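Coordinate inspection notes
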Amino acid sequence: MSTAVQSFIPVAKDSHFPIQNIPFGVFSTAQQTTPRVGVAIGEQVLDLAVIAKAGLLNGIEGLNDPVSVFDKPALNEFMGLGKPVWRATRLAIQKLLSENEPTLRDNSELQGRALVKQVDVTMHLPAQIGDYTDFYCSREHATNVGIMFRGKDNALQPNWLHIPVGYHGRASSLVVSGTDIRRPAGQRITPQNKTKPFFAPSAKLDIELEVGWFVGKGNNLGERIDIADAKDHIFGLVLVNDWSARDIQAWEYVPLGPFLGKNFGTTVSPWIVTLDALEEFMVDGPSQTDPAPLKYLQENKKSAYDIDLEVQIKPNQTSKFERVALSNLKYMYWSVAQQLAHHTVNGCNMRPGDMCATGTLSGPEKENFGSLLELSWNGTEKITLKESKQERTFLEDGDEINLTAYKDSESGYRIGFGDCRGKILPCLYDNDA
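Now for a description of the structure that goes with this document. Here the structure is a predicted model, which is why all the values come from computation and not from measurement. (Residues numbered from 1 in each chain as written. Predicted model: local features only at pLDDT ≥ 70, side-chain atom pairs only at ≥ 80, totals over all residues. Heavy atoms only, no water.)

A short note on the sheet that holds strand β1 (residues 24–29)
Put simply, the rule is: For two strands to be treated as a pair, DSSP must find at least two bridges joining them. Helix and strand definitions follow DSSP, with helices as H or I runs of at least four residues and strands as E runs of at least two, each counted in order from the N terminus. Angles here are taken between N-to-C directions and fall from 0 to 180 degrees, while the axes themselves are lines fitted to C-alpha atoms, restricted in helices to the stretch in contact.
Read from one edge of the open sheet, 5 strands run β4-β3-β2-β1-β5, paired in antiparallel fashion. Because the sheet does not close on itself, it has two edges, and the strands there are β4 (115–117) and β5 (121–124). Neighbour-to-neighbour, the strand axes of this sheet turn through a mean angle of 45°, independent of strand direction. Strand direction decides the pairing type here: β1 and β5, joined by 4 bridges, are antiparallel. Note on β5: the bridge partner recorded for Ser28 is Thr122.

Written out as structure tokens, the structure reads:
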């Protein structure tokens, strides 16, 4: 579709959802509480179940029963149909919404049923997420954390420049944007006594600025996805806040990695932005020549996305979000294609709706750090919020976090991800009795 195409639906210049985007999500309304699939356009949601029942998605090759596919509370079935069907469907929707196409534009009755204001919908997780893997793919973040805990000379572990490091997370505690998060409690230690734990609410509750990606068409057990084909298996991207209890994690992570310090909640933005919508923002990623990765991880084309990533905080008892960090997806060392290729190189089978996340995405400067752990350097430096004048090292009860991401095109429109919000509620447990 031409970048100059406009929709008959009004779209503000700074909207994240112009006709060039068309992200997919799952929503419900007070009038129809059953979740179903829609796409975002400007400040509206287009109900794909309604337009499918009207016959407006018939004739798309591979989409044999659009009503069944879109009148569902998850995108898994659509994801499993493969990239040619995703692309053809998105193009058909863009045509339907374009200013020169009369089919929906001139049918006010159908518009009244198919278009819903975003402020009037409840968003849900976009897929039934069977498995969740969290990677650790930002060199800057891994280096910062390594310096804090192991010193500058041993900042990166020996394997880090050779494999996209990851671990299996907890899919049951993935929640959609807007869901409150309870402060977790668990075992902690003190600097004075590193071998005798005590039970208490986390005092180092943190955020992690991440991007998630959803598996579309999967692979068979025992077979791998070649890196040349990896992007054809990725349905699209979302924002992820992988909340972290740093003090709980510090005691538990040896020898098997994160556990209770991570699995109490992970917030996911509701709209999945397709890779096709992000194609014009592709750039070269960080150099991987010293050392070069093994052949199965090597890419010979642009593999990074120039997308600005923003962390905002609204402190307890204040009314306005303030930006505390601005990073970019292009800083990420291991690309999403490399992550998927590595995940399956041993024959691990991926399924439609599985979600992976990049790990914290930090950049080269302090203002690019994607966690409070880095911004406060593990609590040793105060983060001062310019407008409210409040100070933070880690999150306090009542604090609200919003992650957002977007990029303005040369043609003047903006492709964005919307919001990824969560508010911290007080812990329910002060002791282990």
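What follows continues from the structure just given.
Focus on the layout of surface pockets
Threshold: A pocket, in this scheme, is an open set of points on a 1 Å grid over the protein atoms alone with protein on both sides within 12 Å along at least 5 of 7 lines, while a cavity is a set where a 1.4 Å probe fits but cannot get out; residues line either one if an atom lies within 4 Å of a point. Grid points are joined across faces, edges and corners, and a volume is the space filled by probe spheres set on the points. The classification used treats Ala, Val, Leu, Ile, Met, Phe, Trp, Tyr, Cys and Pro as nonpolar, Asp, Glu, Lys and Arg as charged, and all other residues, Gly among them, as polar.
Of the pockets and cavities examined, the largest pocket occupies roughly 1,300 Å³. Contributing elements (two or more residues each) for the lining of the largest pocket: β6 (132–135), α7 (139–150), β7 (166–168), β10 (185–190) and α8 (246–252). The greatest single-element share of the lining of the largest pocket, amounting to 6 residues, is contributed by α7. Of the residues assigned to the lining of the largest pocket, the class counts are 22 nonpolar, 11 polar and 10 charged. Taken together, 24 residues make up the lining of the second largest pocket; nearest its centre are Phe17, Gln118, Trp271, Gly418 and Asp419. Listing elements by their share of the lining of the second largest pocket, those giving two or more residues are β5 and β26 (414–425). Examining the composition of the lining of the second largest pocket, we find that 4 residues originate from one element, β26, more than from any other.

Comments concerning empty space enclosed by the protein
According to the stated counting rule, one finds 2 cavities of 30 Å³ or more in the structure shown. Its boundaries defined by the atoms lining it, the largest cavity holds a volume of some 70 Å³. Those elements giving two or more residues to the lining of the largest cavity turn out to be α4 (83–97), β14 (234–241) and α9 (275–278). Among the elements that make up the lining of the largest cavity, the one with the highest residue count is α4 (4 residues). Ile313, Val324, Leu372, Ile383, Leu385 and Arg392 are the residues that line the second largest cavity. Of the residues in the lining of the second largest cavity, the class split is 5 nonpolar, no polar and 1 charged.

A short note on unusual backbone geometry
Only a minority of non-glycine residues have a phi that is not negative, and only a minority of peptide bonds are not trans. Put simply, the rule reads: Whether a residue is buried, partly exposed or exposed follows from its accessible area with a 1.4 Å probe, protein chains only, as a fraction of its type maximum: under 20%, in between, or over 50%, in that order.
Cis geometry is adopted by the peptide bond preceding Pro255, which originates at Val254 and carries an omega value of 10°. Residue placement: Pro255 occurs in the loop between α8 and β16 (266–268). The backbone phi angle of Ile22 is positive, close to 60°, even though this residue is not glycine. Here Ile22 shows up in the segment before β1. Judged by its relative accessible area of 0%, Ile22 is buried. One non-glycine residue, Trp377, lies in the positive phi region at around 45°. Within the element layout of this structure, Trp377 appears in the loop between α11 (372–375) and β23 (383–384).

A closer look at the pattern of salt bridges
For the record, the criterion: The term salt bridge refers to a side-chain nitrogen of Lys or Arg lying within 4 Å of a carboxyl oxygen of Asp or Glu.
Scanning the entire structure with this criterion turns up 23 salt bridges. A salt bridge links Arg113 to Glu109; the shortest N-O distance between them is 2.7 Å. Placement of both Arg113 and Glu109 in helix α6 (residues 108–114) is noted, with a separation of 4 residues, approximately one turn of the helix. For Arg351, the salt bridge goes to Asp131, with nearest N and O atoms at 2.6 Å. Of this pair, Arg351 sits in the loop between α10 (336–344) and β22 (355–357) while Asp131 sits in the loop between β5 and β6; the two residues are 220 residues apart in sequence, bridging distant segments of the chain. Since its relative accessible area comes to 41%, Arg351 is described here as partly exposed.

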